[in-house]
Amino acid sequence: QVQLVESGGGRVPPGGSLTLSCAASGNILNINAMAWYREAPGKQRELVARIYSTGSTNYAASVQGRFTIFNDNAKNMVYLQMNNLKPEDTAVYYCNGDVRSAYDEAWYWGQGTQVTVSS
C-alpha cells in the first residue's frame, strides 16, 4: 500500500542545479532508509545516495561533493539536491525506500524522473 512518487526532474545546462523530491504515502509507521538511484542510458541502475533514519548518509564517488541527500521525516519525504551537474549525470532517477507500514515492511520504488544535463 506504500507508494513513492518522484518529482523535480528536467533539463539543465552543465553546471546547473536541480533538486529532486520523493514523497512516500500510505499507512507508514517508519522509514528505515531512503535512497536515490539512477539509470543512465546503456548502464546498470546504480546507487547515488542513501540516508538512514539515524541521519547517516552514503554517496557514490561520482557525485560526492556535488549532491546532497536530505529528508523530512515528519512529511515522509526525501530530497536530492544536485549541484554542478555534468552531462554524465543524465539518467532516470529513482527513489527507493525501506518502509514499514501497518501491513508489511518492504523496499519500494518510485516510477522515476528524468534528469537531462545538456547545453
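The paragraphs below set out a description of the structure included in this document. Within every chain, residues take consecutive numbers counted from 1 along the sequence as written. Thresholds applied to this predicted model are a pLDDT of at least 70 for local features of residues and 80 or more for the giving and counting of side-chain atom pairs; totals over whole chains, interfaces and linings are not thresholded and use all residues. To get the side-chain values, take all heavy atoms of the structure and skip hydrogens and water.

1. Section: the environment of Val-63
Applied cut-off: By definition, any uninterrupted DSSP run of H or I lasting at least four residues is a helix, any uninterrupted run of E lasting at least two residues is a strand, and each is numbered from the N terminus. By definition in these notes, contact holds between two residues if any of their heavy atoms fall within 4.5 Å.
Within the fold, Val-63 resides in the loop between strand E6 (57–59) and strand E7 (67–72). For the pair Val-63 and Val-78, spaced 15 residues apart in sequence, the C-alpha separation works out to 17 Å. With sequence-adjacent residues up to four places away left out, Val-63 is seen in contact with Arg-38 and Val-48.

2. Thoughts on the state of the cysteines
Under the convention used in this document: Throughout, a disulfide means two cysteine sulfur atoms within 2.5 Å of one another. Exposure categories follow from relative accessible area, calculated using a 1.4 Å probe and restricted to protein chains: below 20% of the type maximum is buried, above 50% is exposed, and the middle band is partly exposed.
Across all of its chains, the model carries one disulfide by this definition. Residue pairing for Cys-22: its cysteine sulfur links by disulfide to Cys-95, the two sulfurs lying 2.1 Å apart. Given an S-S torsion of about -85°, the disulfide between Cys-22 and Cys-95 has left-handed geometry. Placement of the pair is Cys-22 in strand E3 (residues 18–25) and Cys-95 in strand E9 (residues 91–101), with a sequence separation of 73 residues. Each member of the pair, Cys-22 together with Cys-95, is buried.

3. Observations concerning the nonpolar core
Our working definition: Buried residues of nine kinds, namely Ala, Val, Leu, Ile, Met, Phe, Trp, Tyr and Cys, make up a nonpolar core once their side-chain atoms join them within 4.5 Å.
Membership of the largest hydrophobic core comes to 30 residues, with the highest contact counts inside it found for Trp-36, Leu-80, Met-82 and Tyr-93. Counting only elements with at least two residues in this core, the list comes to E3, strand E4 (28–39), strand E5 (46–52), E7, strand E8 (77–82), E9 and strand E11 (113–117). Not counting the four nearest positions on each side in its chain, Leu-80 is found in contact with Leu-18, Thr-19, Leu-20, Trp-36, Val-48, Ala-49, Phe-67, Thr-68, Ile-69 and Tyr-93.

4. Quick notes on the side chain of Asp-89
Applied cut-off: Polar contacts, as used here, are pairs of N or O atoms within 3.5 Å; protein pairs need one atom able to donate a hydrogen and one able to accept it. Residues neighboring in sequence count only if both atoms are side-chain atoms.
Within the element layout of this structure, Asp-89 appears in the loop between E8 and E9. You can call Asp-89 buried: its relative accessible area is 1%. Within the local environment of Asp-89, its side chain forms a polar contact with the side chain of Arg-66, the two groups lying 2.8 Å apart. Setting aside residues up to four positions removed in sequence, Asp-89 forms contacts with Arg-38, Arg-66, Phe-67, Asn-84, Val-115 and Val-117.

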